[in-house]
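Commentary on secondary and tertiary structure
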Amino acid sequence: MKREGLSRAERLSRKRDFERVFREGQRLDLPYLRVIYAPNNCDRRRIGFAVSKKVGKAVVRNRIKRLLRETFRRHKEIFPPHCDFVFIPRREVAQLSPPEIARDLAEAFQKCSSGSS
RNA sequence: GGGGGUCGGUCGGCGGUCGCCAGAGGUCUAAGAAACCUCUGGAGGAAAGUCCGGGCUCCACAGGGCAGGGCGCCGGGUAACUCCCGGAGGGGGUAACCCCUGGAAAGUGCCACAGAAAAGAGACCGCCCUGGGCCCCUGGGCCUAGGGUAAGGGUGAAACGGUGGGGUAAGAGCCCACCGCUCCCUCCCGCAAGGGAGGGAGGCACGGCAAACCCCGCCUGGAGAAAGGCCGCAUAGGGGGGCGCUGGAGGGUGGCCCGCCCGAAGCCCCCGGGUAGGCCGCUAGAGCAGCCGGGUAACCGGCUGCCUAGAGGAAUGACCGCCACCCAGGGGAUCGCAAGGUCUCUUGGGCACAGAACCCGGCUUAUGACCGGCCCUCUCCU
RNA sequence: CGGGGCGUAGCGCAGCCUGGCAGCGCACCUGCCUUGGGAGCAGGGGGUCGGCGGUUCAAAUCCGCCCGCCCCGA
(Lines give C-alpha, C1' and ligand atoms only; values in the text may rest on other atoms or scores of the structure.)
Protein backbone atom coordinates (compact mmCIF):
# COMPACT_ATOMS: atom_id res chain seq x y z
CA MET A 1 0.00 0.00 0.00
CA LYS A 2 1.20 3.48 -0.81
CA ARG A 3 2.47 5.25 2.27
CA GLU A 4 0.70 8.53 1.53
CA GLY A 5 -2.30 7.06 -0.24
CA LEU A 6 -5.88 7.00 0.95
CA SER A 7 -7.91 4.23 -0.60
CA ARG A 8 -11.45 3.15 0.09
CA ALA A 9 -10.27 0.48 2.50
CA GLU A 10 -9.01 3.26 4.74
CA ARG A 11 -12.44 4.88 5.03
CA LEU A 12 -15.45 4.11 7.12
CA SER A 13 -18.48 3.39 4.99
CA ARG A 14 -20.93 1.43 7.11
CA LYS A 15 -23.48 2.75 9.49
CA ARG A 16 -22.50 0.12 12.07
CA ASP A 17 -18.84 1.21 11.95
CA PHE A 18 -19.83 4.76 12.75
CA GLU A 19 -22.13 3.62 15.51
CA ARG A 20 -19.42 1.45 17.06
CA VAL A 21 -16.96 4.38 17.14
CA PHE A 22 -19.55 6.71 18.64
CA ARG A 23 -20.47 4.10 21.26
CA GLU A 24 -17.02 2.87 22.28
CA GLY A 25 -14.70 5.70 21.23
CA GLN A 26 -12.63 8.25 23.08
CA ARG A 27 -13.00 11.96 22.43
CA LEU A 28 -10.26 14.37 21.46
CA ASP A 29 -11.33 18.02 21.30
CA LEU A 30 -9.74 20.88 19.48
CA PRO A 31 -11.35 24.32 19.36
CA TYR A 32 -12.39 23.76 15.76
CA LEU A 33 -12.57 19.95 15.55
CA ARG A 34 -13.67 16.92 17.54
CA VAL A 35 -12.16 13.50 16.85
CA ILE A 36 -13.71 10.32 18.17
CA TYR A 37 -11.57 7.21 17.83
CA ALA A 38 -11.77 3.58 18.84
CA PRO A 39 -9.55 0.54 18.25
CA ASN A 40 -10.48 -1.65 15.30
CA ASN A 41 -9.42 -5.20 14.50
CA CYS A 42 -7.80 -4.60 11.16
CA ASP A 43 -4.22 -3.69 10.40
CA ARG A 44 -4.73 -0.07 9.43
CA ARG A 45 -6.19 3.25 10.49
CA ARG A 46 -9.57 4.17 9.04
CA ILE A 47 -11.35 7.55 8.95
CA GLY A 48 -14.86 8.83 8.50
CA PHE A 49 -16.63 12.17 8.65
CA ALA A 50 -19.71 13.56 10.32
CA VAL A 51 -20.14 17.04 8.92
CA SER A 52 -23.36 18.76 9.90
CA LYS A 53 -25.29 20.92 7.51
CA LYS A 54 -24.90 23.69 10.07
CA VAL A 55 -21.23 23.88 9.08
CA GLY A 56 -22.05 25.23 5.65
CA LYS A 57 -23.29 24.54 2.19
CA ALA A 58 -22.17 21.52 0.18
CA VAL A 59 -19.11 23.32 -1.19
CA VAL A 60 -17.90 24.19 2.31
CA ARG A 61 -18.56 20.72 3.66
CA ASN A 62 -16.71 19.13 0.77
CA ARG A 63 -13.75 21.45 1.27
CA ILE A 64 -13.55 20.61 4.95
CA LYS A 65 -13.58 16.90 4.22
CA ARG A 66 -10.85 17.30 1.61
CA LEU A 67 -8.66 19.30 3.97
CA LEU A 68 -9.04 16.76 6.74
CA ARG A 69 -8.48 13.87 4.37
CA GLU A 70 -5.30 15.58 3.17
CA THR A 71 -4.18 16.10 6.75
CA PHE A 72 -4.64 12.42 7.56
CA ARG A 73 -3.03 11.26 4.33
CA ARG A 74 0.10 13.35 4.83
CA HIS A 75 0.50 12.74 8.53
CA LYS A 76 -0.76 9.22 9.30
CA GLU A 77 2.08 8.67 11.75
CA ILE A 78 0.69 11.13 14.31
CA PHE A 79 -2.53 9.12 14.66
CA PRO A 80 -2.66 6.09 16.99
CA PRO A 81 -2.40 2.87 14.94
CA HIS A 82 -5.18 0.30 14.43
CA CYS A 83 -7.96 2.72 15.20
CA ASP A 84 -11.05 4.13 13.49
CA PHE A 85 -11.48 7.89 13.56
CA VAL A 86 -14.58 10.00 13.06
CA PHE A 87 -14.01 13.70 12.47
CA ILE A 88 -16.65 16.20 13.58
CA PRO A 89 -15.46 19.56 12.32
CA ARG A 90 -16.74 23.05 12.92
CA ARG A 91 -16.95 25.66 10.22
CA GLU A 92 -13.61 27.26 11.13
CA VAL A 93 -11.78 24.28 9.63
CA ALA A 94 -12.43 25.62 6.16
CA GLN A 95 -10.09 28.53 6.88
CA LEU A 96 -7.15 26.34 8.00
CA SER A 97 -4.45 24.48 6.10
CA PRO A 98 -3.46 20.80 6.49
CA PRO A 99 -0.08 21.56 8.21
CA GLU A 100 -1.80 23.68 10.87
CA ILE A 101 -4.34 20.99 11.63
CA ALA A 102 -1.63 18.31 11.71
CA ARG A 103 0.43 20.34 14.19
CA ASP A 104 -2.52 20.82 16.53
CA LEU A 105 -3.55 17.18 16.29
CA ALA A 106 -0.01 15.90 16.93
CA GLU A 107 0.21 18.06 20.03
CA ALA A 108 -3.16 16.88 21.26
CA PHE A 109 -2.44 13.17 20.72
CA GLN A 110 0.93 13.62 22.42
CA LYS A 111 -0.65 15.18 25.49
CA CYS A 112 -3.36 12.56 25.52
CA SER A 113 -1.07 9.53 25.43
CA SER A 114 1.38 10.94 28.00
CA GLY A 115 -1.52 11.73 30.30
CA SER A 116 -3.00 8.26 30.07
CA SER A 117 0.31 6.39 30.55
C1' G B 1 -17.64 60.03 -25.86
C1' G B 2 -21.63 59.58 -21.82
C1' G B 3 -26.21 57.22 -20.35
C1' G B 4 -29.73 53.35 -21.38
C1' G B 5 -32.43 48.95 -23.58
C1' U B 6 -32.11 44.03 -25.42
C1' C B 7 -30.10 39.34 -27.12
C1' G B 8 -26.18 35.89 -26.77
C1' G B 9 -21.28 33.73 -25.34
C1' U B 10 -17.02 32.51 -21.89
C1' C B 11 -15.33 30.76 -17.42
C1' G B 12 -8.56 31.42 -16.83
C1' G B 13 -3.95 28.83 -19.03
C1' C B 14 0.82 26.10 -18.46
C1' G B 15 4.19 23.30 -15.34
C1' G B 16 5.71 20.54 -10.74
C1' U B 17 5.16 17.26 -5.97
C1' C B 18 1.73 14.10 -3.33
C1' G B 19 -3.20 12.01 -3.91
C1' C B 20 -8.87 10.47 -5.28
C1' C B 21 -13.00 7.99 -8.54
C1' A B 22 -14.47 5.03 -12.91
C1' G B 23 -13.25 2.03 -17.16
C1' A B 24 -9.75 -0.82 -20.16
C1' G B 25 -5.16 -3.50 -20.37
C1' G B 26 -1.16 -5.74 -17.74
C1' U B 27 2.04 -7.88 -13.41
C1' C B 28 1.24 -11.51 -9.55
C1' U B 29 -1.85 -16.21 -8.64
C1' A B 30 -4.18 -22.87 -9.46
C1' A B 31 -8.26 -19.23 -9.73
C1' G B 32 -10.56 -15.12 -7.65
C1' A B 33 -9.97 -11.09 -4.43
C1' A B 34 -6.48 -7.65 -2.66
C1' A B 35 -2.13 -5.00 -4.02
C1' C B 36 0.86 -2.61 -7.75
C1' C B 37 1.91 -0.48 -12.93
C1' U B 38 0.28 1.96 -17.63
C1' C B 39 -3.38 4.48 -20.55
C1' U B 40 -8.14 7.09 -21.17
C1' G B 41 -12.03 9.96 -18.97
C1' G B 42 -13.77 12.74 -14.51
C1' A B 43 -18.99 19.07 -12.22
C1' G B 44 -22.43 23.65 -13.61
C1' G B 45 -24.83 27.77 -15.93
C1' A B 46 -27.06 27.73 -12.44
C1' A B 47 -25.16 20.93 -10.85
C1' A B 48 -28.85 25.09 -6.16
C1' G B 49 -34.20 25.98 -4.44
C1' U B 50 -37.41 21.57 -5.46
C1' C B 51 -41.81 25.64 -7.89
C1' C B 52 -44.07 23.36 -12.51
C1' G B 53 -44.06 19.83 -16.81
C1' G B 54 -42.65 15.10 -18.93
C1' G B 55 -39.80 10.36 -19.60
C1' C B 56 -39.09 5.78 -16.76
C1' U B 57 -40.97 2.04 -13.01
C1' C B 58 -44.88 -0.21 -10.06
C1' C B 59 -50.01 -0.16 -8.61
C1' A B 60 -54.89 -5.61 -13.45
C1' C B 61 -56.46 -1.62 -17.53
C1' A B 62 -55.55 3.73 -16.06
C1' G B 63 -62.15 3.40 -17.04
C1' G B 64 -66.58 6.80 -15.27
C1' G B 65 -68.65 10.30 -11.57
C1' C B 66 -68.11 13.46 -7.25
C1' A B 67 -64.70 16.03 -4.19
C1' G B 68 -59.96 18.41 -4.39
C1' G B 69 -56.09 20.97 -7.18
C1' G B 70 -54.12 23.84 -11.31
C1' C B 71 -54.52 27.15 -15.47
C1' G B 72 -57.13 31.42 -17.97
C1' C B 73 -56.85 37.62 -24.24
C1' C B 74 -55.78 35.10 -29.46
C1' G B 75 -52.74 32.00 -32.63
C1' G B 76 -48.51 28.93 -32.92
C1' G B 77 -44.15 25.73 -30.88
C1' U B 78 -43.48 21.23 -27.97
C1' A B 79 -43.21 14.73 -25.31
C1' A B 80 -45.58 18.25 -21.97
C1' C B 81 -46.07 22.77 -19.25
C1' U B 82 -48.04 27.62 -15.25
C1' C B 83 -42.65 27.57 -20.30
C1' C B 84 -41.19 29.78 -25.15
C1' C B 85 -42.38 32.58 -29.81
C1' G B 86 -45.57 35.82 -32.65
C1' G B 87 -49.81 38.96 -32.35
C1' A B 88 -54.23 41.95 -29.92
C1' G B 89 -55.98 45.38 -26.22
C1' G B 90 -54.63 48.49 -21.99
C1' G B 91 -50.77 51.06 -19.02
C1' G B 92 -45.60 53.28 -18.22
C1' G B 93 -41.23 55.59 -20.59
C1' U B 94 -38.52 61.31 -24.90
C1' A B 95 -37.21 56.52 -27.06
C1' A B 96 -35.07 51.60 -27.69
C1' C B 97 -38.22 48.84 -24.72
C1' C B 98 -40.83 47.04 -20.39
C1' C B 99 -45.30 45.52 -17.51
C1' C B 100 -50.53 43.57 -17.22
C1' U B 101 -54.63 40.09 -19.24
C1' G B 102 -61.66 35.23 -18.86
C1' G B 103 -66.57 36.75 -16.43
C1' A B 104 -68.60 42.14 -11.74
C1' A B 105 -75.53 44.14 -17.24
C1' A B 106 -75.82 34.56 -12.93
C1' G B 107 -75.92 35.13 -7.83
C1' U B 108 -73.88 35.97 -2.66
C1' G B 109 -70.58 39.04 0.03
C1' C B 110 -67.24 43.28 1.33
C1' C B 111 -66.06 48.65 0.62
C1' A B 112 -63.14 50.73 7.53
C1' C B 113 -62.58 56.16 8.87
C1' A B 114 -64.66 60.54 6.99
C1' G B 115 -69.11 61.99 4.75
C1' A B 116 -76.00 63.94 4.09
C1' A B 117 -75.39 59.75 1.07
C1' A B 118 -70.94 53.96 -0.59
C1' A B 119 -74.38 51.31 -4.81
C1' G B 120 -82.29 49.14 -7.03
C1' A B 121 -78.52 56.33 -4.60
C1' G B 122 -78.72 60.29 -1.32
C1' A B 123 -81.31 66.25 1.23
C1' C B 124 -76.07 68.22 6.03
C1' C B 125 -75.06 73.22 4.39
C1' G B 126 -76.74 75.94 0.31
C1' C B 127 -80.65 77.35 -3.59
C1' C B 128 -86.13 77.80 -4.68
C1' C B 129 -91.59 77.64 -3.59
C1' U B 130 -95.68 77.53 -0.05
C1' G B 131 -97.94 78.04 5.06
C1' G B 132 -97.31 80.24 10.06
C1' G B 133 -94.86 83.70 13.67
C1' C B 134 -91.79 88.12 14.75
C1' C B 135 -89.16 92.71 13.16
C1' C B 136 -88.00 97.14 10.16
C1' C B 137 -92.42 98.72 7.33
C1' U B 138 -95.02 99.70 -0.48
C1' G B 139 -89.66 95.42 -0.27
C1' G B 140 -86.96 92.42 2.53
C1' G B 141 -84.60 90.03 7.08
C1' C B 142 -84.88 86.21 10.97
C1' C B 143 -87.20 81.72 13.09
C1' U B 144 -90.16 77.48 12.04
C1' A B 145 -93.11 73.46 9.29
C1' G B 146 -93.96 71.07 4.57
C1' G B 147 -92.31 70.38 -0.33
C1' G B 148 -89.01 70.88 -4.77
C1' U B 149 -83.84 70.59 -6.34
C1' A B 150 -77.93 66.89 -7.38
C1' A B 151 -76.09 72.94 -10.66
C1' G B 152 -72.55 74.85 -5.87
C1' G B 153 -69.81 73.57 -0.81
C1' G B 154 -67.40 70.04 2.01
C1' U B 155 -65.71 64.19 2.85
C1' G B 156 -63.38 60.21 0.61
C1' A B 157 -59.42 55.62 -2.79
C1' A B 158 -64.14 55.95 -5.14
C1' A B 159 -70.08 60.45 -5.21
C1' C B 160 -73.94 57.86 -10.98
C1' G B 161 -70.77 61.68 -18.22
C1' G B 162 -68.06 66.81 -20.03
C1' U B 163 -68.56 71.92 -22.35
C1' G B 164 -71.94 75.55 -24.09
C1' G B 165 -76.98 77.01 -24.77
C1' G B 166 -82.21 76.66 -23.98
C1' G B 167 -85.43 75.95 -20.04
C1' U B 168 -87.16 76.72 -14.82
C1' A B 169 -89.63 79.16 -8.81
C1' A B 170 -84.71 77.07 -8.30
C1' G B 171 -82.75 73.14 -10.92
C1' A B 172 -81.68 68.63 -13.46
C1' G B 173 -80.18 64.84 -20.38
C1' C B 174 -85.63 67.94 -18.63
C1' C B 175 -84.58 69.58 -24.00
C1' C B 176 -80.78 70.86 -27.92
C1' A B 177 -75.57 71.14 -30.30
C1' C B 178 -70.68 69.15 -30.08
C1' C B 179 -67.44 65.61 -27.56
C1' G B 180 -67.56 60.98 -24.90
C1' C B 181 -70.22 56.20 -23.88
C1' U B 182 -73.29 51.63 -24.55
C1' C B 183 -75.93 48.33 -27.78
C1' C B 184 -77.31 46.59 -32.76
C1' C B 185 -76.68 46.01 -38.20
C1' U B 186 -73.79 46.02 -42.82
C1' C B 187 -69.13 46.02 -45.47
C1' C B 188 -63.70 45.46 -45.58
C1' C B 189 -58.91 43.31 -43.35
C1' G B 190 -57.36 39.13 -40.11
C1' C B 191 -57.17 31.68 -38.90
C1' A B 192 -58.40 34.35 -34.31
C1' A B 193 -58.14 37.88 -30.25
C1' G B 194 -59.37 42.19 -32.65
C1' G B 195 -59.03 46.53 -36.01
C1' G B 196 -61.10 50.07 -39.73
C1' A B 197 -65.26 52.41 -42.36
C1' G B 198 -70.48 53.41 -42.79
C1' G B 199 -75.39 53.35 -40.77
C1' G B 200 -79.02 52.91 -36.88
C1' A B 201 -80.95 52.88 -31.80
C1' G B 202 -80.47 54.80 -26.74
C1' G B 203 -80.30 60.44 -22.86
C1' C B 204 -76.62 57.40 -20.49
C1' A B 205 -78.37 52.36 -17.89
C1' C B 206 -73.01 49.32 -16.39
C1' G B 207 -68.40 52.21 -9.25
C1' G B 208 -64.44 48.88 -7.36
C1' C B 209 -62.81 44.05 -5.36
C1' A B 210 -63.07 37.44 -8.22
C1' A B 211 -54.28 36.92 -5.77
C1' A B 212 -63.31 37.09 -1.57
C1' C B 213 -66.97 32.89 -2.27
C1' C B 214 -68.12 31.86 -7.07
C1' C B 215 -69.56 31.16 -12.65
C1' C B 216 -67.72 29.55 -17.47
C1' G B 217 -64.00 26.86 -20.32
C1' C B 218 -59.78 23.56 -20.38
C1' C B 219 -56.36 20.13 -17.85
C1' U B 220 -55.64 16.62 -13.91
C1' G B 221 -55.66 8.53 -11.10
C1' G B 222 -51.69 7.62 -7.22
C1' A B 223 -46.78 7.04 -5.77
C1' G B 224 -41.81 7.80 -6.43
C1' A B 225 -34.73 5.19 -7.80
C1' A B 226 -35.30 3.66 -0.36
C1' A B 227 -39.45 3.42 -7.89
C1' G B 228 -38.77 -1.55 -9.44
C1' G B 229 -36.24 -6.47 -10.63
C1' C B 230 -32.82 -10.66 -9.38
C1' C B 231 -29.68 -13.33 -5.80
C1' G B 232 -28.48 -14.24 -0.66
C1' C B 233 -30.12 -14.18 4.51
C1' A B 234 -34.47 -14.26 7.44
C1' U B 235 -39.79 -14.99 7.72
C1' A B 236 -38.65 -19.19 13.98
C1' G B 237 -42.78 -18.92 16.39
C1' G B 238 -44.79 -16.62 21.57
C1' G B 239 -49.20 -13.59 23.34
C1' G B 240 -53.95 -10.94 22.39
C1' G B 241 -58.12 -9.46 19.26
C1' G B 242 -61.47 -9.37 14.89
C1' C B 243 -64.04 -11.36 10.44
C1' G B 244 -65.18 -15.55 7.54
C1' C B 245 -65.64 -21.09 5.71
C1' U B 246 -69.30 -20.93 -0.66
C1' G B 247 -73.43 -15.50 -4.08
C1' G B 248 -68.26 -15.04 -0.36
C1' A B 249 -64.30 -12.33 4.77
C1' G B 250 -60.57 -9.72 2.86
C1' G B 251 -57.14 -7.63 -0.67
C1' G B 252 -55.58 -4.93 -5.25
C1' U B 253 -50.87 2.44 -2.32
C1' G B 254 -53.78 7.90 -3.36
C1' G B 255 -60.33 11.23 -0.40
C1' C B 256 -65.27 8.85 -1.51
C1' C B 257 -68.68 6.02 -4.78
C1' C B 258 -69.21 2.87 -9.07
C1' G B 259 -66.95 -0.42 -12.32
C1' C B 260 -63.06 -4.05 -12.96
C1' C B 261 -59.58 -7.83 -11.11
C1' C B 262 -57.69 -11.32 -7.48
C1' G B 263 -59.38 -14.34 -3.77
C1' A B 264 -63.26 -20.98 -2.41
C1' A B 265 -60.28 -21.30 3.18
C1' G B 266 -58.31 -18.90 5.43
C1' C B 267 -57.40 -13.69 6.03
C1' C B 268 -56.52 -9.11 8.73
C1' C B 269 -54.87 -5.97 12.99
C1' C B 270 -51.89 -5.06 17.57
C1' C B 271 -47.74 -6.42 20.98
C1' G B 272 -43.22 -9.06 20.76
C1' G B 273 -39.22 -10.98 17.52
C1' G B 274 -36.17 -11.01 12.85
C1' U B 275 -33.97 -8.61 8.37
C1' A B 276 -32.08 -3.81 6.14
C1' G B 277 -25.88 -7.51 2.38
C1' G B 278 -24.67 -7.91 -3.06
C1' C B 279 -25.86 -7.19 -8.35
C1' C B 280 -28.96 -4.81 -12.03
C1' G B 281 -31.77 -0.30 -12.80
C1' C B 282 -27.17 3.57 -14.09
C1' U B 283 -26.44 6.43 -18.30
C1' A B 284 -26.50 6.74 -26.12
C1' G B 285 -30.04 10.81 -24.69
C1' A B 286 -36.84 14.77 -26.53
C1' G B 287 -27.96 14.06 -26.64
C1' C B 288 -23.84 17.43 -28.52
C1' A B 289 -21.19 19.91 -32.70
C1' G B 290 -21.04 21.44 -37.87
C1' C B 291 -23.47 22.19 -42.59
C1' C B 292 -27.96 22.55 -45.62
C1' G B 293 -33.26 23.46 -46.08
C1' G B 294 -38.35 25.33 -44.18
C1' G B 295 -40.46 29.12 -40.83
C1' U B 296 -41.07 36.51 -39.05
C1' A B 297 -39.82 33.58 -34.64
C1' A B 298 -40.15 29.80 -30.86
C1' C B 299 -38.98 25.56 -33.48
C1' C B 300 -38.90 21.62 -37.17
C1' G B 301 -36.64 18.36 -40.98
C1' G B 302 -32.27 16.16 -43.47
C1' C B 303 -27.01 14.81 -43.80
C1' U B 304 -22.16 14.14 -41.60
C1' G B 305 -19.20 13.55 -37.34
C1' C B 306 -18.64 12.57 -31.93
C1' C B 307 -19.33 9.50 -27.12
C1' U B 308 -19.30 13.23 -22.92
C1' A B 309 -18.84 11.60 -14.58
C1' G B 310 -21.73 7.90 -13.25
C1' A B 311 -19.95 5.40 -7.25
C1' G B 312 -20.41 4.73 -2.53
C1' G B 313 -21.05 7.77 4.64
C1' A B 314 -20.13 10.88 -1.11
C1' A B 315 -14.44 10.93 -6.38
C1' U B 316 -13.18 15.30 -9.56
C1' G B 317 -8.40 17.45 -4.53
C1' A B 318 -4.11 19.78 -1.41
C1' C B 319 0.27 22.80 -1.72
C1' C B 320 3.57 25.62 -4.84
C1' G B 321 5.81 28.36 -9.28
C1' C B 322 5.12 31.20 -13.81
C1' C B 323 1.88 33.76 -17.18
C1' A B 324 -2.86 35.97 -18.30
C1' C B 325 -7.33 39.26 -16.57
C1' C B 326 -9.37 43.30 -13.26
C1' C B 327 -8.77 47.33 -9.45
C1' A B 328 -5.78 50.93 -6.55
C1' G B 329 -1.00 53.59 -5.64
C1' G B 330 3.95 55.01 -7.46
C1' G B 331 7.98 55.63 -11.49
C1' G B 332 9.26 56.20 -16.79
C1' A B 333 8.29 57.00 -22.24
C1' U B 334 4.99 59.23 -25.70
C1' C B 335 0.49 62.14 -27.67
C1' G B 336 -2.23 66.58 -25.97
C1' C B 337 -2.76 73.81 -24.24
C1' A B 338 -5.40 70.90 -20.54
C1' A B 339 -8.62 67.17 -18.48
C1' G B 340 -6.80 62.76 -19.90
C1' G B 341 -5.39 58.60 -23.44
C1' U B 342 -1.66 54.69 -25.02
C1' C B 343 2.67 51.65 -23.86
C1' U B 344 5.90 49.85 -20.12
C1' C B 345 8.17 48.80 -15.09
C1' U B 346 6.95 48.00 -10.05
C1' U B 347 4.12 47.37 -5.12
C1' G B 348 -0.35 45.68 -2.92
C1' G B 349 -5.07 43.51 -3.47
C1' G B 350 -8.92 40.84 -6.13
C1' C B 351 -10.29 36.50 -9.47
C1' A B 352 -17.62 35.31 -7.87
C1' C B 353 -21.97 32.21 -6.96
C1' A B 354 -21.46 27.53 -6.11
C1' G B 355 -20.47 20.54 -6.09
C1' A B 356 -23.70 15.81 -10.21
C1' A B 357 -26.94 11.45 -6.42
C1' C B 358 -32.50 8.20 -12.11
C1' C B 359 -32.73 11.37 -16.64
C1' C B 360 -34.56 15.50 -19.52
C1' G B 361 -37.55 20.51 -20.69
C1' G B 362 -38.62 25.06 -18.13
C1' C B 363 -39.20 28.61 -14.01
C1' U B 364 -37.06 31.02 -9.83
C1' U B 365 -33.09 32.50 -6.93
C1' A B 366 -27.47 33.42 -6.05
C1' U B 367 -23.45 35.57 -8.50
C1' G B 368 -17.21 38.48 -9.80
C1' A B 369 -15.51 39.75 -14.37
C1' C B 370 -14.78 39.75 -19.51
C1' C B 371 -16.24 39.45 -24.83
C1' G B 372 -19.66 40.28 -28.88
C1' G B 373 -24.22 41.68 -31.91
C1' C B 374 -28.39 44.94 -32.58
C1' C B 375 -31.13 49.22 -31.04
C1' C B 376 -32.50 54.04 -28.40
C1' U B 377 -31.12 58.77 -26.42
C1' C B 378 -27.90 63.04 -25.19
C1' U B 379 -23.49 65.80 -26.30
C1' C B 380 -19.19 67.08 -29.32
C1' C B 381 -16.38 67.15 -34.07
C1' U B 382 -16.38 66.93 -39.55
C1' C C 1 -36.75 11.93 -1.94
C1' G C 2 -41.42 13.46 0.22
C1' G C 3 -44.17 16.34 3.94
C1' G C 4 -45.39 19.76 8.08
C1' G C 5 -44.81 23.94 11.46
C1' C C 6 -42.80 28.60 13.16
C1' G C 7 -40.75 33.88 12.51
C1' U C 8 -45.18 40.03 15.65
C1' A C 9 -41.93 44.94 21.78
C1' G C 10 -35.98 42.66 25.58
C1' C C 11 -38.59 37.39 26.55
C1' G C 12 -43.04 34.13 26.02
C1' C C 13 -47.40 34.43 23.04
C1' A C 14 -52.56 36.35 20.69
C1' G C 15 -54.32 38.81 16.24
C1' C C 16 -54.03 36.17 10.03
C1' C C 17 -59.02 31.75 8.15
C1' U C 18 -63.44 36.41 7.43
C1' G C 19 -57.99 42.65 4.89
C1' G C 20 -59.05 48.87 7.85
C1' C C 21 -57.60 49.77 15.97
C1' A C 22 -51.16 45.85 16.51
C1' G C 23 -52.83 43.65 21.57
C1' C C 24 -51.86 40.38 26.44
C1' G C 25 -48.50 38.69 30.44
C1' C C 26 -43.56 39.24 32.41
C1' A C 27 -39.66 42.76 32.08
C1' C C 28 -38.42 48.41 31.68
C1' C C 29 -39.30 53.87 33.14
C1' U C 30 -41.86 57.64 36.36
C1' G C 31 -44.75 58.75 40.69
C1' C C 32 -47.22 57.17 45.41
C1' C C 33 -46.66 53.99 49.69
C1' U C 34 -41.87 52.44 53.03
C1' U C 35 -36.49 54.51 57.26
C1' G C 36 -34.70 51.77 52.65
C1' G C 37 -35.77 47.51 49.38
C1' G C 38 -39.45 43.95 47.76
C1' A C 39 -44.63 43.47 47.13
C1' G C 40 -48.86 46.60 46.02
C1' C C 41 -51.37 50.98 43.60
C1' A C 42 -51.50 54.74 39.58
C1' G C 43 -49.49 56.38 35.01
C1' G C 44 -46.14 55.80 30.77
C1' G C 45 -42.53 54.47 26.83
C1' G C 46 -41.06 50.79 23.38
C1' G C 47 -42.62 46.89 17.44
C1' U C 48 -38.96 47.70 9.58
C1' C C 49 -45.19 42.16 12.05
C1' G C 50 -38.17 37.70 8.90
C1' G C 51 -36.96 40.22 3.73
C1' C C 52 -38.38 41.73 -1.43
C1' G C 53 -42.19 42.23 -5.04
C1' G C 54 -47.54 41.97 -6.51
C1' U C 55 -53.25 42.37 -5.89
C1' U C 56 -56.24 46.19 -3.36
C1' C C 57 -58.35 52.73 -1.94
C1' A C 58 -55.95 50.01 2.09
C1' A C 59 -51.73 44.03 3.60
C1' A C 60 -49.15 41.42 10.00
C1' U C 61 -53.50 39.26 7.33
C1' C C 62 -54.47 37.59 0.37
C1' C C 63 -50.80 35.80 -3.83
C1' G C 64 -45.64 34.84 -5.55
C1' C C 65 -40.20 34.53 -4.65
C1' C C 66 -36.30 34.38 -1.09
C1' C C 67 -33.94 33.90 4.09
C1' G C 68 -33.51 31.70 8.95
C1' C C 69 -35.01 28.07 12.69
C1' C C 70 -37.46 23.53 14.22
C1' C C 71 -39.80 18.74 13.41
C1' C C 72 -41.65 14.30 10.96
C1' G C 73 -41.99 9.94 7.19
C1' A C 74 -39.57 6.33 3.85
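Check the entry above for the structure.
Let me begin by describing the structure that accompanies this report.

Parameters and conventions
- Residues numbered from 1 in each chain as written.
- Chains lettered and ligands numbered in written order.
- Predicted model: local features only at pLDDT ≥ 70, side-chain atom pairs only at ≥ 80, totals over all residues.
- Heavy atoms only, no water.
- Near = heavy atom within 4 Å.
- Polar contact = N/O pair within 3.5 Å; in protein donor to acceptor, adjacent residues only side chain to side chain.
- Helix = DSSP H or I, 4+ residues; strand = E, 2+ residues; numbered from the N terminus.
- Nonpolar A, V, L, I, M, F, W, Y, C, P; charged D, E, K, R; others polar.
- Buried < 20%, exposed > 50% of the residue type's maximum accessible area, 1.4 Å probe, protein only.
- Lys, Arg positive; Asp, Glu negative; His and termini not counted.
- Salt bridge = Lys/Arg side-chain N within 4 Å of Asp/Glu carboxyl O.
- Contact = heavy atoms within 4.5 Å.

Before going further, it helps to spend a moment on the protein's contact with RNA strand B. In the region of RNA strand B, 27 residues are neighbours, and Glu-4, Arg-8, Arg-14, Arg-63 and Arg-73 sit closest. The sugar-phosphate backbone supplies 76% of the atoms of RNA strand B found within 4 Å of the protein. In the environment of RNA strand B, a phosphate oxygen lies 3.5 Å from a nitrogen or oxygen atom belonging to the backbone of Ala-58. One of the side-chain nitrogen or oxygen atoms of Arg-63 is found 2.7 Å away from a phosphate oxygen of RNA strand B. When contributions to the surface near RNA strand B are tallied by element, the ones reaching two or more residues are α1 (15-24) and α2 (58-74). Take the surface near RNA strand B: its biggest share by element is 10 residues, from α2. Residue classes in the surface near RNA strand B are distributed as 9 nonpolar, 3 polar and 15 charged.

For the rest of this paragraph, the subject is the side chain of Asp-17. As for its placement among the helices and strands, Asp-17 is situated in helix α1. One buried charged residue, Asp-17, remains without a salt bridge, the closest side chain of opposite sign being Arg-46 at 4.1 Å. What Asp-17 contacts, discounting residues up to four positions off in sequence, is Leu-12 and Arg-46.

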